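Structural overview for review
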Amino acid sequence: MHLLFACNPLHNPYSLSLLLEILGIRVMKEKAPLTMKDIAREFGISVATVSRALKDSPRISAERRAAIQQYAREHNFSPNVIAESLRHSKVMPIKIIGVIIPEMIHYYFATILAGIEEEASARGYRIMVAQSDEKYEREVKICQSFMENKVCGIIVSQAKDTMKYDHFQRIMDAGVPLVFYDRICTGVNASRVVVDDYFGAYTAVSHLIETGCKRIAFYGSSMSLEISKNRFNGYKDALLKHGLPIDESLTHFCDNRADAEAITPEILTSPNRPDGFFAVNDDTAIGILYTAKRMGLRVPEDVSICGFTNGNRAISCDPMLTTVEQRGRVVGEEAANILIGHVEGLIPRDKAEKRIVRTRLIIRGTTK
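All values derive from a computational prediction rather than experimental measurement.

**Here's the deal with the environment of Arg-183**
- With respect to the element layout, Arg-183 can be found in the loop between strand E4 (178-181) and strand E5 (191-195).
- By relative accessible area, which is 7% here, Arg-183 ends up buried.
- If we skip the residues at most four places from it in the chain, Arg-183 touches Pro-102, Phe-109, Glu-134, Val-156, Ser-157, Gln-158, Ala-159, Lys-160, Leu-225 and Ile-227.
- In terms of polar contacts, Arg-183 uses its side chain to reach the side chain of Glu-134, at 2.7 Å.

**Things to note about helix H8 (residues 136-148)**
- Between its terminal C-alpha atoms H8 stretches 19 Å, which fits the 18 Å expected from 13 residues at 1.5 Å a residue.
- Along H8, the positions that sit buried rather than exposed are Tyr-136, Glu-139, Val-140, Ile-142, Cys-143 and Phe-146. On an axial view of H8, the arc spanned by its buried residues comes to 160°, and they lie on one face. Residues of H8 that are exposed and point over 90 degrees away from its buried face: Glu-137, Lys-141 and Glu-148.
- Where the residues of H8 are buried, they touch strand E1 (96-101), strand E2 (126-131), strand E3 (153-156) and helix H9 (166-173).
- Directly after H8, the chain includes Lys-150, whose backbone phi takes a positive value near 60°.

**A word on the pattern of salt bridges**
- Under the definition given, this model contains 20 salt bridges.
- Close ionic contact of Arg-41 with Asp-38 constitutes a salt bridge, the shortest N to O distance being 3.1 Å. Here the residue Arg-41 and the residue Asp-38 both occupy positions in helix H3 (residues 36-43), the gap between them amounting to 3 residues, near one helical turn.
- Overall, Arg-41 belongs to the exposed group, its relative accessible area being 60%.
- For Asp-38, a relative accessible area of 25% puts it in the partly exposed group.
- In this structure, Arg-123 and Glu-119 form a salt bridge, with 3.6 Å as the shortest nitrogen-oxygen distance.
- Accessibility expressed as a relative area gives 24% for Arg-123, which makes it partly exposed.
- A network of salt bridges, in which partner residues are shared, links Glu-334, Lys-351, Glu-353 and Arg-355.

Criteria and cut-off values
Residues numbered from 1 in each chain as written. Predicted model: local features only at pLDDT ≥ 70, side-chain atom pairs only at ≥ 80, totals over all residues. Heavy atoms only, no water. Helix = DSSP H or I, 4+ residues; strand = E, 2+ residues; numbered from the N terminus. Buried < 20%, exposed > 50% of the residue type's maximum accessible area, 1.4 Å probe, protein only. Contact = heavy atoms within 4.5 Å. Polar contact = N/O pair within 3.5 Å; in protein donor to acceptor, adjacent residues only side chain to side chain. Expected span 1.5 Å × (residues − 1). Arc of directions from axis to C-beta. Salt bridge = Lys/Arg side-chain N within 4 Å of Asp/Glu carboxyl O.

Laid out in structure tokens, this is it:
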């Protein structure tokens with residue numbers, strides 16, 4: 001005990017590794033990844049020669065190319081893509097795109113990411129992906145990290161609790177292209193890709209009304225998000241168009257399944273309960289569905305329900321969910337297309353490109 005205290009690296013110049021050596025404990029150090037410098041040192045050649053050999057350049061003899069490539073394979077060499085891009089940044093764009101996803105496990109965001117990756121890959125770009133986890137502070141740090149890594153541009157859907165936009169403006173001020181998707185920032189004049197949230201909501205609520213619903217509840221996200229405002233406006237206008245009153249008691253802040261299951265029982269046991277629900281996403285709609293079924297209500301005979309996404313869960317519930325399809329892959333492809341257009345000069349960087357992806361209503365078993 002006295003020996004450990006005397007050799008504590010916080011109180012003594014001895015390092016922790018020396019202390020462990022004194023105690024007879026071997027420390028296994030993680031081996032650093034092989035670099036082109038290491039290969040160059042092994043063969044007594046320049047890093048440039050190694051780079052050419054790994055790229056199969058005819059400027060290097062076939063015998064030497066084969067030897068260098070075999071050595072690289074045997075030692076699990078993996079090139080540093082970012083460093084490689086930086087070396088060529090004076091003559092070509094750095095082909096790394098930073099992508100910020102609010103939630104990796106969310107079906108819609110996953111399909112958007114697939115669309116971004118597909119379009120970027122087809123045009124010779126790679127993507128660097130990070131999750132904000134719906135947190136403003138994390139989003140700010142990710143933006144800073146992307147800038148430090150010299151990405152050629154950033155594609156982002158802002159976090160739910162983002163209320164300040166300085167970090168986005170700094171990206172724009174630095175001349176780095178920025179493209180928003182789904183959740184856009186109106187405080188920054190940047191390019192954006194969204195689905196037609198208003199039309200999607202209007203069509204869905206109109207369908208509920210046309211199939212017999214008279215009192216339709218709205219479950220939505222914070223009105224600080226443009227998508228929430230647009231879907232709520234679509235909901236309201238559908239009611240007005242069909243001559244139904246707007247009842248504020250039917251509007252609820254609820255955008256996930258857990259909250260839906262928590263608040264729906266009281267709503268469904270109220271004297272003048274809703275006969276229809278329009279939810280801001282599928283998870284919320286499924287929370288309403290399972291709550292109604294647990295309470296002994298029939299869907300859609302007693303209660304009709306419509307969601308917004310058309311993810312895998314929409315067809316794995318019973319009955320299957322009527323929902324608005326967002327076409328996430330197309331959103332991702334369009335976002336990547338705009339970003340690369342800015343990078344390559346096909347779209348002026350000072351022009352905010354705005355594209356809207358059309359939605360469509362998918363009618364299934366939760367509506368009549």
